[in-house]
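Okay, here's what each chain looks like letter by letter:
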Amino acid sequence: MNRRSFIGSTVIAGAVTIAQPVAAAPPPAEEKHVTQTLTRYLVAAKFEDLPEAIRTEAARSLLNWVGVAVGGSHHEGVEIALATVAPFAGPAQAAVLGRKERLDIMNAVLLNGISSHVFDFDDTDLTTAVHPSAPVVPVLLALAEYRKVSGQDFINAMVLGIEAECRIAHAVTPTMQDAGWHATGSVGAFGAAVAASKLLGLDETRMCHAIGLAATQPVGLREMFGSMTKSFHPGRAAQNGLLAALLAEKGYTSSLQGIEARRGWANVLSTKHDYAMITEGLGSHYEISRNSYKPFACGLVVHPVIDGCIQLRNENNLTADMIDRIDLGIHPIVLELTSNRTPRTGLEGKFSVYYAAAIGIVVGRAGEAQFSDAQVRDPVVTGLRDRVETAVDPSLTQDQARVKIRLKDRRVLERFVEHAVGSVENPMSDAALDAKFTDLASGILPDGQARKLLALCRGAERLADAGDIARAAAA
């Protein structure tokens, strides 16, 4: 008898017999109510519950995000996106930071999310590689202009949006990322939806619906790294999350198990998950406490290399012509994400460990100016870049690197970077964050306006109207 098997049916001698579906084992009881457990905490959480250190970190995260959004506001990618949506935009409801244009809140959120990530200079959760603020803060600022919001409510919603976003990411890391999803895009809508829901005062059921609506809108493929599309991911995630909350506010429904259901977000995007990462310890520790800020405007995984190269350069007064070759010991993910040996544009340079090492030596800095198209093609830099070699060392963590520089006079200089500057263990100081903000705002906002904006971010929780931040960030 000839027999061929198909999903859900069996063909026998030309006849089709419909097979009964195999019943899936029911999930453990603790896995049935992940979304609702998370939502119950989020709805009840108050600003007064936040420890002072968490409120301080929220202000640091806000300051860093506003700086990179203003700094990136005139990037080519932002110009293209603005020109694309402007003819179709609705009423002028919210600022596009760093610019004179105002858009409807949906499109303002998209543009501000793009501009804050286009330099790849925004905050990062080192465990999941999520950029926590990029999908969350654009939504809060737009809503704060549209509906008056106190600084305390703003900060509370920001902390809780980041809490949900990073906890959900932790539950599926690293399997989701290994499948090719960009974590910031795929979980960003959760953070945006939660933050917006909190400001809108949604009850448990409606916030559950908002989370379900966010769950059905993941965005972002890692294939897009090194192109403008990478910055589209947090912008779109922010837009999706805001829409989810606004729909839920009006009574639009979704599954109440959007995260954990058999065909829910976690099971569709990842083959492994740990729901305890979402539900355990809520309110006892905060994800934002592990936020980190970039001193270098590029992929985080190459920061230890840049840090080590700059240290050796400054200690030994190195120039490119003194160097025979540079040998790097790196974590395996570095070559997965930044193996471009011959970048042609500034965006591509952000994902080249070879260029990163060279620019650290030649310039001694790695701000946005060092990732221009012209700098990437500089012959001194490209000449040194071609003398950089890499070796994967599985014993290293993602914020570690070994740098060995062989000089033409036969000297060998070595540096092991245990924790790159900007990591949680070696954080940027407040003064360094202020300097980063000032540098990014320079040439876009007048000095006096930039100082006012910095002060507003630092003192956000004391504001009667958090919309003042967005208004002060407009050119």
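### Notes on unusual backbone geometry
Cis rather than trans, the peptide bond between Thr173 and Pro174 has omega equal to 5°. Relative to the elements of secondary structure, Pro174 occurs in the loop between α6 (151–172) and α7 (175–178). Residue Ala129 is not a glycine yet carries a positive backbone phi of 65°. Relative to the helices and strands, Ala129 resides in the loop between β6 (124–125) and α5 (133–146). Unlike most non-glycine residues, Asn317 shows phi in positive territory, near 50°. Relative to the elements of secondary structure, Asn317 occurs in the loop between α13 (303–316) and β8 (323–330).

### Some remarks on helix α3 (residues 76–85)
Listing the buried residues of α3 in full gives Gly77, Val78, Ala81, Leu82 and Val85. An end-on view of α3 places all buried positions within 130° of arc, on one side of the element. For α3, the exposed residues lying more than 90 degrees away from the buried face are Glu76 and Ala83. Packed against the buried residues of α3 are β5 (102–103) and α4 (105–117).

### Thoughts on the side chain of His303
Within the fold, His303 resides in helix α13. Aside from chain neighbours lying at most four places away, what touches His303 is Lys294, Pro295, Phe296, Cys298 and Ala420.

### What about α13?
Its 14 residues give α13 an end-to-end C-alpha distance of 20 Å, which sits within 8% of 20 Å, the value for a rise of 1.5 Å per residue. If you follow the buried residues of α13, they end up packed against β8, α16 (353–362), β10 (401–407) and β11 (412–417). Once α13 finishes, Asn317 follows within two positions and takes phi at roughly 50°, a positive value.

### Some details on the confidence of the model for the chain
Looking at the chain as a whole, the pLDDT averages 93, with 93% of positions reaching at least 70. Low pLDDT (under 50) marks residues 1–26, which in the prediction has 22 contacts with non-local residues, meaning those over four places away or in another chain.

### A short note on the packing of aromatic side chains
A complete count under the given rule lists three aromatic pairs for this structure. Consider the rings of Phe190 and Trp265, whose centres lie 5.1 Å apart with planes at 90°: the pair is edge-to-face. Of this pair, Phe190 sits in helix α8 (residues 183–200) while Trp265 sits in helix α11 (residues 265–269); the two residues are 75 residues apart in sequence, bridging distant segments of the chain. Per residue, the accessibility class of Phe190 equals that of Trp265, and both read buried. Centre to centre, the rings of Phe225 and Phe351 are 5.7 Å apart; their planes meet at 35°, and the pair counts as tilted. Separated by 126 residues along the polypeptide, Phe225 in the loop between α9 (204–215) and α10 (229–249) and Phe351 in the loop between α15 (346–349) and α16 bring together distant segments of the chain.

Here is what the cut-offs are and how they apply
Residues numbered from 1 in each chain as written. Predicted model: local features only at pLDDT ≥ 70, side-chain atom pairs only at ≥ 80, totals over all residues. Heavy atoms only, no water. Helix = DSSP H or I, 4+ residues; strand = E, 2+ residues; numbered from the N terminus. Buried < 20%, exposed > 50% of the residue type's maximum accessible area, 1.4 Å probe, protein only. Arc of directions from axis to C-beta. Contact = heavy atoms within 4.5 Å. Expected span 1.5 Å × (residues − 1). pLDDT = per-residue confidence, 0-100. Phe/Tyr/Trp six-rings, centres within 6.5 Å; stacked < 30°, edge-to-face > 60°.

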